[in-house]
Amino acid sequence: MNRKKELLRFALYALVVILVNVAFQTIFFRIDLTEGRNYSLSETSKNMVQELEEPLTIKVYISEDLPYPYNNIQQDLSDILEEYSINGNRNFNYDVYTIKNLDEDNSADSSEIEKDAKGYGINPVQIQKLEESELKIVSAYRGIVFIHADMIETIPAIEPNENLEYQITSTVMKMQEKTSRLLSLDEDIKVKLYLSSGILNMSEDLMKYPEALSETVDSLNKINYNRISFDWIDPDKEGNGSELAEKYGIQPFQLKDNNGNTSNLYASGVIEYKDKYRTFDALSRSLFGYSVQNPADLEDSLNGVVEKLIGVGSSIAWLADHGAIQPYSYSQQQTSDPTAQAFASNLSQRYSINPVSLSSQMIPNDAGALIIVRPQPYQPFTDWELYQIDQYLMNGGSVAVFMDSYMEYYQQSDNPYQQQPPIYIPRNTGLEKLIEHYGVTIEPSYVLDENCFVQRQQGQNGITEVPIYFAPEIPQNKINTELPFMKGINGLIMLNSSPVKISEDLPEGTEAEILFSSSDDAWLMDDPQNINLYNPMMMSPPAGADSRSSYPLACMLSGEFTSYYADKDIPQMPEPEEGDEADTEEYLIAADRMSRADSIVKSTDHGKLFVFGSTMAVTDNIIDEQGASPNAVMVFNIVDEMLGKGDYAVMRGKGLNYSPLDETTPAVKTFIKTFNMVIIPVLVILAGIIIWFRWLSRQKKIAAMFREDDNE
């Protein structure tokens, strides 16, 4: 009877297990227990896929039986695409196509899949495969295609351990963000032309200017869903000149007639959305005079301004003169100067980088960020150039400055085999006074840290460890992960860093954040006469703990800023240099007939300024070619934040695999080592002895029970 009950119970349990397995075959369920929820979609990705208004199809083309380290790519892609599918609406679809090994005979179906892949621009790439103790080179597919409305984007090759969510979401948002943003605008974007009727008779181009600009706006509307309105306003009739100066900072042109009489005339435009706006001029100013800007030539620039106003701009201005480090530079490759090619190459995959020479150009209106990397003291900024940077920030722009406090200068030696030690020249570029006015000072010193990168060198006596004190390792507890774009950054390595100091007298509306600091075991090399980062005798750690501290190495100011020139004379554009000649056909009105009081924006409440006390933070010495290291992710996240795309930064941070162990004391390390090597084995032995004694006791009890039965 008891045996029948046991069989019935077993059958019921088996039935329950089978039913549960059948149920879970149709229910996708998993729990993400990772600290940063690395295998779960962020809210940005969920919102993106839930709000798809047009069909999106993702096609994955991947070869079967990929070797390590590519063997997990297909499973990872399938898992995350299933996550998108669960959270998405009916417009989301995906397919995974497996292609058989290219070195084997392919079926007809596989050949068709290959043709499709190549049609989308996905071609096989060569990878190494270890087979039967032999290393082979095989060709394999691992690409993704995105088809959204009439747009197609392709990722030709997915790399191992790549942040798939960032790749997928950023690609789709790039395809749809402008469309979605335009369709969801609360009001139209307004283009207003303030052109005085009194200036129209000066040229046929000016007379036709309102009509030509209206046609340009019509052309822009074709790619902006008719969300741009146009209006021509004549200040001569409206009498609103003072309003223009007060609201938009637009100043009139002063035009002299043949009798020397001066009249105020307007020839400017405004692109406005809600409380954001950008101005432009119908007359282009040069050193010799003014000429009429062709509205058709303004189309790309105006479209860029529209994108910036609605928060989808992707243009970055990069300082190209003043000896600054360039994103791509042949001359720097031929010298010992650092380059920023890895940073620029990865950045250009999503944003456009536009070099700007402030000595001859203006910062473009459509630039969403301005990056300045290591300007040199031998080419200081003029007041006119500083004024451009200041006004860019006052107009709500974002500026990032990467600059330490000294320039390394190497003297030429008569002996080519003997290199002279560098001379350290204070980096007095003029930019220092500007950022100091905003509230940040780059201190004249270098931060050395005992918690630093350690170089391991092979010598005759084995491997020796050489601490590089001027390359501080930033521990996790010194990184401000409270900021969304810094989350997931668990450790950094900096190089040649000067400390940054935030003023205590910041305006009430200015928010200041330290991004990261050195460890508590850092000290300063601050004697100008004895600065040498390559002389070990100059870098001995100080003996006393009182002489060590933690120093901020990068910071961010946001919110309210006051112009450096708010209470100063506005700098004038440089005059033509002697020997320069004007081409009279290039301008309409000579400079001696027309002038204009430069307008100034005296403050802003939505600017952003990032200051790094290191020139090397974006160079190839720090940024890896794939852009996957914590240092690379950190600077890319900051650029995202500058451009108003902080959501991207949150996603990118989830792809980091670097998770260093927490620092602890030698006593704790000794205890853990002893516990693992001694205590755990002893505990295992004791547990075995206890189990053995319990087994003997149980054996004795069973034997005693059988003896009692025999006696009965």
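That block above? That's the structure.
Nothing here was measured: the structure is a model prediction, and the numbers come from that model.

Rules used throughout
Residues numbered from 1 in each chain as written. Predicted model: local features only at pLDDT ≥ 70, side-chain atom pairs only at ≥ 80, totals over all residues. Heavy atoms only, no water. Pairing = 2+ DSSP bridges. Helix = DSSP H or I, 4+ residues; strand = E, 2+ residues; numbered from the N terminus. Axes fitted to C-alpha atoms, helices over the stretch in contact; angles between N-to-C directions. Contact = heavy atoms within 4.5 Å. Buried < 20%, exposed > 50% of the residue type's maximum accessible area, 1.4 Å probe, protein only. Right-handed = clockwise from strand over helix to strand, strands pointing away. Salt bridge = Lys/Arg side-chain N within 4 Å of Asp/Glu carboxyl O. Phe/Tyr/Trp six-rings, centres within 6.5 Å; stacked < 30°, edge-to-face > 60°. Lys NZ or Arg CZ within 6 Å of the ring centre and 35° of its normal.

**Section: the pairing of strand β10 (residues 262-265)**
Stage number 1. Inspection of the sheet shows strand β9 (residues 253-256) paired to β10 by four bridges, in the antiparallel sense. Paired with L255 across the bridge in β10 is S263.
Stage number 2. The antiparallel pairing of β9 with β10 creates a hairpin that spans five residues between the two strands, and G260 there sits at a positive phi of about 90°.

**Quick notes on the sheet that holds strand β1 (residues 56-63)**
Stage number 1. If you trace the four strands from one edge of the open sheet to the other, you get β2-β1-β5-β6, paired in mixed fashion. Looking at which strands have only one partner, the edges of the open sheet turn out to be β2 (92-99) and β6 (151-155). If you compare each strand with its neighbour and ignore which way they point, the axes differ by 15° on average.
Stage number 2. Note: β1 against β2, eight bridges, orientation parallel. Within β2, the position partnered with L56 by the bridge is F92.
Stage number 3. Sheet contacts for helix α3 (residues 73-87): β1, β2 and β5 (142-148); angle to β2, the most-contacted strand, approximately 165°.

**Notes on the sheet that holds strand β18 (residues 398-402)**
Stage number 1. Within the open sheet, the seven strands sit side by side as β16-β15-β17-β18-β32-β29-β27. Their pairing is mixed. Edge strands, defined here as strands with exactly one partner in the open sheet, are β16 (352-356) and β27 (510-517). Geometrically, the sheet is characterised by an average inter-axis angle of 20° between neighbouring strands, direction not taken into account.
Stage number 2. For β27 and strand β29 (residues 552-562), the ladder comprises seven bridges, and the chain directions are antiparallel. Of the residues in β29, the one forming a bridge with E511 is S558.
Stage number 3. Sheet strands touched by helix α14 (residues 431-438): β17 (369-373), β18, β29 and β32 (603-612). Its angle to β29, the strand with the most contacts, is close to 70°.
Stage number 4. Strands in contact with helix α15 (residues 630-642) are β15 (315-319), β17, β18, β27 and β32; relative to β32, the strand with the most contacts, it is inclined by about 170°.

**Some thoughts on the environment of Y290**
Stage number 1. Structurally, Y290 is set in strand β14 (residues 289-292).
Stage number 2. Classification of Y290 as buried rests on a relative accessible area of 5%.
Stage number 3. Remark: the alpha-carbon pair of Y290 and M594, spanning 304 residues in sequence, is separated by 7.9 Å.

**A few points about the pairing of β1**
Stage number 1. Across the eight residues of β1, eight count as buried, placing the element largely inside the fold.
Stage number 2. Every second residue of β1 is oriented toward a common face, with L56, I58, V60 and I62 on one face and T57, K59, Y61 and S63 on the other, all of them buried.
Stage number 3. In the sheet, β1 pairs with β5 via seven bridges, with the strands oriented antiparallel. In the sheet register, T57 faces β5, and the bridge partner there is I147.
Stage number 4. Each parallel crossover has a hand, and for β1 linked through α3 to β2 it is right-handed.

**Here we look at the pattern of salt bridges**
Stage number 1. By the definition in use, this model includes 15 salt bridges.
Stage number 2. Residue E43 is joined to K46 by a salt bridge in which the shortest nitrogen-to-oxygen separation is 3.9 Å. A residue pair is termed a helical-turn pair when its members lie 3 or 4 positions apart in one helix, as E43 and K46 do in helix α2 (residues 43-50) at three residues.
Stage number 3. Judged by relative accessible area, E43 falls into the exposed class, the value being 53%.
Stage number 4. For the salt bridge of K192 with E272, the shortest nitrogen-to-oxygen distance reads 3.2 Å. Here E272 lies in strand β11 (residues 267-273) and K192 lies in strand β7 (residues 189-195), a separation of 80 residues in the sequence. Of the two residues, K192 and E272, neither departs from the other in class, the shared state being buried.

**Let's talk about the packing of aromatic side chains**
Stage number 1. Applying the stated criterion across every chain yields a total of 20 aromatic pairs.
Stage number 2. Considering the side-chain rings of Y406 and Y446, the 5.8 Å spacing of their centres and the 40° angle between planes classify their relative orientation as tilted. Taken together, the residues Y406 in strand β19 (residues 406-409) and Y446 in strand β22 (residues 446-449) connect sequence positions 40 residues apart. For the pair shown, Y406 and Y446 are each scored as buried.
Stage number 3. Following the ring pairs from residue to residue traces out a cluster consisting of W384, Y387, Y564 and Y565.
Stage number 4. Its end group placed over the ring of Y564, K568 keeps NZ or CZ at 3.9 Å from the ring centre.

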